[in-house]
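A structural walkthrough
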Amino acid sequence: MSPLDMQVEETEAARVLGICNACRYCEGFCAVFPATFRRLEFGPKDVHFLANLCHQCGACLHACQYAPPHEFSLNVPRAMARVRVKTWSEFAWPPALGRLYRRNGLVLSLALAATVAAFLALVMASSGSLWIVPDGGFYAVVSHEAMVGLFAPVFGWAVVALTIGVMRFWRSNPPGPSSAAAMREATADVLSLAYLGGGHGEGCNNSDDAFSLARRRFHHATFYGFMLCFAATSVATLYHYVGGMPAPYGFASLPKILGMSGGVLLVGGTAGLFWLNLTRDPLQGAPERKSMDLGFVALLGLTAASGLALALLGRLIALPLLLALHLGAVMALFATMPYSKFAHGVYRGAALVRWAVEKRRPNEVILADE
Amino acid sequence: MIGGGNAALCAALTAREAGARVLLLEAAPRAWRGGNSAHVRNIRCMHDAPQDVLVEAYPEEEFWQDLLKVTGGLTDETLARIAIRASATCRPWLVRHGARFQPSLTGALHTARTNAFFLGGGKAMLNAYYRSAQRLGVRVRYEAPVERIDVQNRRFVAAWVRDERFVARACVLAAGGFESNREWLREAWGRNQWGEYPGDNFLIRGTRFNTGALLAFMLDIGADRIGDPSQSHMVAIDARAPLYDGGICTRIDCVSLGVVVNRDAERFYDEGEDFWPKRYAIWGRLVAQQRGQIAHSIIDAKAVGRFMPPVFPGVRADTLAGLARELHLDEARLVATVEQFNAACRGGKFDHTVLDDCRTEGIAPSKSHWARPIDTPPFFGYTVRPGVTFTYLGLKTGEDSAVRFGGVPSDNLFVAGEMMAGNVLGMGYAAGVGMTIGTAFGRIAGARAAAAAKGGGTKKELEDVAA
């Protein structure tokens, strides 16, 4: 099957967007609508682009005069969510893994985290107790070389697989030449989560038709927390290879400050997103995606929480056990990255760039403007 | 407050702000609340200078002249001017209660000067008003249709919901017109020269809850009436639209780009007479006057992508004869009608943005603008029926928004929205003017009702709202 088939998800999205195109009341909420209104027909390429442009804010659902119980039963966020998860799996490389994840995302992530953690714990237990606090910190339990040897390939593979997937997505529907202004705009939209603002800056919908900035704030905490953790790892890598200063680092060191603040933001952000997801109006998303979405947020939260625990408690108790937990979670996060909800950020970024380029091109649909 | 749409909420919010305790009785369940306001797109507003989403200026006099034109003079200048002036100043109040505006929509830029578009449309606006009402402590009862009220000596005493009686010191009637009452529509339009009941073939663009029960009750007990029951805002919509609540997306907007034929494959009106706002408002009625209350808008490939995309795909064929077959029209007659039209097309430069010089010569009816031969396959046909937006029969009122009995206004019974819009709109329509009227008189009625409930109210308070 090619990613550009018109299957049940794409067909439903095309039906929904066709009705939106004839109504247009939601134009000001986000980029999906102006992008929709530049089209007259919605083939699979358009549908996958628009679905990834959708931030699932829910504003158009609560505003919709055609939403259930109307017989048109229009639900843009749901239709988009269903196409989006297909994008991540159908464009994924290798496709078989993408499909496997789509069917069993939550189970796969958690099972992987548990298996890796158990395996590591077993290895560590065979050479000593899980409850000790060895003198040399965690490198005394798993050597730096072993960690790099274990994680570098998995991380590298995640980056390669995700890049191939997004490139396939991009090339399936190239928007034409880009410009600096378009790139600037797309970057700003990503970094500020512009489209979780609801068009009026008051935020998006969660449990009802009231607007709230909670999702944007928790997402910011999650995103920037993740980036801080990534920065911490990068700085530590430099310290190790360039500065000749191997871990562990003190609490006042740069890697620790970055990592700890990132970890705290990540734990808070993912807890908030988890809670928002649980309290969200069930109409807003696809029910079959709930466990996948929650699973990803949980895994991210677990990675951050176990990392924090390792940093704070590892000096006191059970360092090998905490380390096994943390490494298991990190491993599962990396391994599923190209197919999990993590992919949404990369595909959304690509869609936002595409939109920023497309909107600067002449509109081919010239409606009678009398 | 009886009703749950824009006018009722404007009245409820105003009355609550004025200190009254307010109960709002909405006939529909929560999911369908708000009546026709859920389908609203914009509000027509006067302004003397650019105002946030509104460009240039739309002065009072121009608004008034537009209203005069569309109603053919069937309007009340005093009430019309009250609504027009209120539209200049009401938007900050609407925003305070959560309404948000957006620039004119793509494909509707012709209204960027005259109409302020609600972000997300009428349902988003209603959601905001209901949230505001809840915050302010307005009590709301859903599934509470009021079909009769107790009136003594022109004073409101109580409203009935089934066998439950609600006593109040004042009341605002804002429960809509009667457009979703099939029997009443049938009766109002009567039988035509072919023995048909045209009303049976109308589709209702809005709520199924506007049965007009309370309106009928009020007329029965002798409230002064206004308007002709056969008058309404009626547009040509896709015949495949749902019976109720098809809303905006079912309109067919390619009339001026082709020809429109009736069941006999004959043209019957100048498709290029005028721009969209006027055209939009007259074609429902034109179709209602045709046999079978049905017509077909026919275009060729040149028109594709030049009008608001219709919600259902058109019937498509590579030849006119083929199109006729698909539309169940007489092949020879349709081909003859189109060929005759094509042969009559004259003139120069097609420009859909102005009243151009592409017109027909020597056929009747003529097409005065945008006439281009229909000769480029594929051809498309859209079958249309009359779609009723709202009816104009209502209760006569005045500047005070009070219901009148034998010319004497009630002290504590007021009317707003569709139930009195006929005072301003005797016939015809201009986009967004229903909201202008509903908002202005909703707020006046709310202020008056609050004052009546408190036993008076200062003149200043009432003037503030009326302004």
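1. Quick word on the overall build of chain B
Looking only at helices and strands, chain B features 13 helices and 21 strands. Taking 2.2 N^0.38 as the reference for a compact globule, 467 residues should give roughly 23 Å; the C-alpha atoms of chain B span a radius of gyration of 23 Å, in line with that estimate. Dimensions of chain B, computed from C-alpha atoms along their principal axes, come out at roughly 70 × 50 × 35 Å. Across the 467 residues of chain B, 62% fall into the buried class. Sequence-distant contacts, at least 24 apart, represent 73% of the contacts inside chain B between residues at least 6 apart. When the accessible area of chain B is evaluated, it comes to approximately 17200 Å², of which 50% is carbon and sulfur surface. Across chain B, 56 positive and 51 negative side-chain charges occur, with their mean positions spaced 6 Å apart.

2. Overview of the nonpolar core
Membership of the largest hydrophobic core comes to 66 residues, with the highest contact counts inside it found for A:Phe33, A:Leu53, A:Tyr66 and B:Cys249. Ranked by residues supplied to this core, first place goes to helix H1 (residues 8–23) of chain A with 8 residues. Not counting the four nearest positions on each side in its chain, A:Tyr66 is found in contact with A:Ile19, A:Cys23, A:Phe72, A:Ser73, A:Leu74, B:Asp245, B:Gly246, B:Gly247, B:Ile248 and B:Cys249. Membership of the second largest hydrophobic core comes to 60 residues, among which are B:Ala88, B:Phe405, B:Val424 and B:Ala440.

3. With respect to the pairing of strand E7 (residues 155–161) of chain B
Residue and element names in this part refer to chain B. The buried fraction of E7 is high, at 5 of 7 residues. Two successive antiparallel strands, strand E6 (residues 146–152) and E7, enclose a turn made up of 2 residues, where Asn153 displays a positive phi of approximately 50°. Hairpin connection of E7 to strand E8 (residues 164–167): 2 residues between the antiparallel strands, including Arg162 at a positive phi of 50°.

4. Quick word on the interface of chain B and chain A
With 48 residues of chain B at the contact, the number on the chain A side is 35 residues. Regarding the contact of chain B and chain A, the summed buried area is about 3300 Å², with carbon and sulfur atoms giving 56% of it. One can count 4 salt bridges joining chain B with chain A. Close ionic contact of A:Asp209 with B:Arg131 constitutes a salt bridge, the shortest N to O distance being 2.5 Å. Joining chain B to chain A, the criterion identifies 14 residue pairs in polar contact (both at pLDDT 80 or more). Elements with a contribution of two residues or more to the side of chain B that touches chain A: helix H5 (121–136) and helix H8 (276–288) of chain B.

5. Some details on a nonpolar patch on the surface
All names here are of chain A. Taken together, the side chains of Val190, Leu191, Tyr224, Met227 and Leu265 make up a nonpolar region of the molecular surface, amounting to roughly 370 Å² of accessible area. The set of elements that each furnish at least two residues to the nonpolar patch consists of helix H8 (180–192) and helix H9 (214–241). Relative to the elements of secondary structure, Leu265 occurs in helix H10 (residues 254–279).

6. Quick notes on the sheet that holds E8(B)
The pairing of strands in a sheet happens through backbone hydrogen bonds and is either parallel or antiparallel. Residue and element names in this part refer to chain B. Across the sheet, which stays open at both edges, the 3 strands sit in the order E6-E7-E8 with antiparallel pairing between neighbours. With one partner strand each, in any of the chains shown, E6 and E8 form the two edges of the open sheet. Across the sheet, the axes of successive neighbouring strands diverge by a mean angle of 30°, strand direction being ignored. As paired elements, E7 and E8 share 4 bridges and run antiparallel to each other. Paired with Ala159 across the strands is Phe166, a residue of E8.

7. Notes on helix H12 (residues 433–454) of chain B
Compared with an ideal rise of 1.5 Å per residue, which puts 22 residues at 32 Å, H12(B) spans 32 Å between its outermost C-alpha atoms and is within 8% of the ideal. Remark: B:Gly455 follows H12(B) within two positions and exhibits a positive phi of approximately 80°.

8. Regarding the environment of A:Glu71
Looking at the element boundaries, A:Glu71 is found in the loop between helix H4 (59–63) and helix H5 (76–90). Placed 128 residues apart in sequence, A:Glu71 and A:Gly199 show a C-alpha to C-alpha distance of 27 Å. Those residues within four positions of A:Glu71 in sequence are excluded, and the remaining contacts are B:Pro242 and B:Tyr244.

9. A few points about the domain arrangement of chain A
All names here are of chain A. Looking at chain A, the domain boundaries give domain 1 (8–89) and domain 2 (94–357). Spacing between the C-alpha centres of domain 1 and domain 2 amounts to 28 Å. With 35 residues of domain 1 in contact, the opposing surface of domain 2 contributes 39 residues. Looking at the side of domain 1 facing domain 2, the largest losses of area belong to His55, His62 and Trp88, adding up to 26% of the total buried there.

The rules behind the values
- Residues numbered from 1 in each chain as written.
- Chains lettered and ligands numbered in written order.
- Predicted model: local features only at pLDDT ≥ 70, side-chain atom pairs only at ≥ 80, totals over all residues.
- Heavy atoms only, no water.
- Helix = DSSP H or I, 4+ residues; strand = E, 2+ residues; numbered from the N terminus.
- Rg over C-alpha atoms; globule rule 2.2 N^0.38 Å.
- Buried < 20%, exposed > 50% of the residue type's maximum accessible area, 1.4 Å probe, protein only.
- Contact = heavy atoms within 4.5 Å.
- Areas by Shrake-Rupley, 256 points an atom, 1.4 Å probe, with all protein chains shown as cover.
- Lys, Arg positive; Asp, Glu negative; His and termini not counted.
- Charge placed at Lys NZ, Arg CZ, Asp CG, Glu CD.
- Core = buried A, V, L, I, M, F, W, Y, C linked by side-chain atoms within 4.5 Å.
- Pairing = 2+ DSSP bridges.
- Buried area = accessible area lost by both parts, 1.4 Å probe.
- Salt bridge = Lys/Arg side-chain N within 4 Å of Asp/Glu carboxyl O.
- Polar contact = N/O pair within 3.5 Å; in protein donor to acceptor, adjacent residues only side chain to side chain.
- Patch = residues over 30% accessible without salt bridge, like charges linked within 9 Å, V, L, I, M, F, W, Y side chains within 5 Å.
- Axes fitted to C-alpha atoms, helices over the stretch in contact; angles between N-to-C directions.
- Expected span 1.5 Å × (residues − 1).
- Domains from an automatic or database assignment.

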